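Results of the structural survey
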Amino acid sequence: IDYSGGGCPHILAEPQRTNLITYSSDFSSGWTGAATLNSNSSISPDGTLNASNLLRVSSSSERKDFNVTVLANTEYVYSFYIKEGSQNNGDSRMAISTSVEQILYLTPTSDWVRYELLIPSTNTNTSVIVRIYPSNGAAGGVDGDNINIYGAQLEEGSYATSYIPTSGSTVT
């Protein structure tokens, strides 16, 4: 039971976490990569027009990256919401690049689905690149493949907690 903030106590149903992605729904800030991004082009799970569409125009412009340093001997989990775009010729994918790339293949649906990928602990602090692909290039994605994306979150722990919106800094 949490008594902070005065007033009535409330039950803490999940642990306190910090979203390390500084722009959780603005994939034009802090994110790199050549995939075409159409911001505020879709209704997000929170009911507002603030989700983005990620479009593959060529094989060399198929992703968005976010670089962050993670601490040694600590697990992290990355999560975000996806929904099918106007065209998708197969699975999309989300990847975590460290010394060995981990890939989670996703099948976008007409509903928003939150996906998560565990980043296992390492022996040293290390730079991690989180990647979002609108198509599965390994399986022959094609130009025009696109997905709607929203709510990127990277947090310390072995499972994702409730979405923590950010807009320029980390938020706990």
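Residues numbered from 1 in each chain as written. Predicted model: local features only at pLDDT ≥ 70, side-chain atom pairs only at ≥ 80, totals over all residues. Heavy atoms only, no water.

Description of the overall build of the protein chain
When helices and strands are counted, the protein chain shows 0 helices and 9 strands. Ordering the α and β elements of the protein chain from the N terminus gives β-β-β-β-β-β-β-β-β. Buried residues in the protein chain amount to 41% of all 172 residues. Put simply, 75% of the contacts in the protein chain that link residues at least 6 apart link residues at least 24 apart. Within the structure as shown, the protein chain displays about 8,300 Å² of accessible surface, and the carbon and sulfur contribution to it stands at 49%. (Helix = DSSP H or I, 4+ residues; strand = E, 2+ residues; numbered from the N terminus. Buried < 20%, exposed > 50% of the residue type's maximum accessible area, 1.4 Å probe, protein only. Contact = heavy atoms within 4.5 Å. Areas by Shrake-Rupley, 256 points an atom, 1.4 Å probe, with all protein chains shown as cover.)

Let's talk about the nonpolar core
If you look at the biggest cluster of nonpolar residues, it comprises 23 residues, and the most contacted ones within it are Trp 31, Tyr 78, Phe 80, Ile 132 and Ile 149. At the level of elements, strand E3 (64-70), strand E4 (76-84), strand E7 (113-119), strand E8 (126-133) and strand E9 (146-156) are the ones that each hand at least two residues to this core. If you look at the next biggest cluster of nonpolar residues, it comprises 5 residues, including Ala 51, Tyr 81, Trp 112 and Tyr 163. (Core = buried A, V, L, I, M, F, W, Y, C linked by side-chain atoms within 4.5 Å.)

A word on the environment of Tyr 76
As for its position among the elements, Tyr 76 is in strand E4. With relative accessibility at 3%, the residue Tyr 76 sits in the buried group. C-alpha separation for the pair Tyr 76 and Ile 119, spaced 43 residues apart in sequence, amounts to 5.0 Å. Within the structure, Tyr 76 has its side chain in polar contact with the backbone nitrogen of Leu 71 (distance 3.1 Å). (Polar contact = N/O pair within 3.5 Å; in protein donor to acceptor, adjacent residues only side chain to side chain.)

Here's the deal with the sheet that holds strand E1 (residues 36-43)
Strand order in the open sheet made by the 5 strands is E1-E2-E9-E4-E7, with antiparallel pairing throughout. Single-partner strands in this sheet number two, and they are E1 and E7. This sheet shows a mean twist of 40° between the axes of neighbouring strands, independent of strand direction. (Pairing = 2+ DSSP bridges. Axes fitted to C-alpha atoms, helices over the stretch in contact; angles between N-to-C directions.)

Quick word on unusual backbone geometry
We note that Asn 40 has phi near 50°; this positive angle belongs to a residue other than glycine. Its location among the elements puts Asn 40 in strand E1. Phi is positive for Asn 73, which is not a glycine, with a value near 55°.

A short note on the packing of aromatic side chains
Scanning all chains against the criterion turns up 7 aromatic pairs. Aromatic pair Tyr 81 and Tyr 150: ring centres 6.1 Å apart, planes at 45°, arrangement tilted. Of this pair, Tyr 81 sits in strand E4 while Tyr 150 sits in strand E9, and the two are 69 residues apart along the sequence. For the pair formed by Tyr 81 and Tyr 150, the shared burial category is buried. (Phe/Tyr/Trp six-rings, centres within 6.5 Å; stacked < 30°, edge-to-face > 60°.)

Observations concerning the pairing of E3
Burial within E3 is extensive, with 5 of its 7 residues counted as buried. Here E3 runs beside E8; their pairing, made up of 7 bridges, is antiparallel. Opposite Lys 64, over in E8, you have Ile 132 as the bridge partner.

A few points about the side chain of Arg 17
For Arg 17, the location among the structural elements is in the segment before E1. A distance of 3.0 Å separates the side chain of Arg 17 from the backbone oxygen of Glu 156, its partner in a polar contact. Leaving out residues up to four positions away in the same chain, Arg 17 has contacts with Glu 155, Glu 156, Gly 157, Ser 158, Tyr 159, Thr 161, Ile 164, Val 171 and Thr 172.

Regarding the side chain of Asn 50
Within the secondary structure, Asn 50 is located in strand E2 (residues 49-55). Among the polar contacts listed, one links the side chain of Asn 50 to the side chain of Asp 46, at a separation of 3.5 Å. What Asn 50 contacts, discounting residues up to four positions off in sequence, is Ser 25, Asn 40, Ser 42, Ser 44 and Tyr 150.

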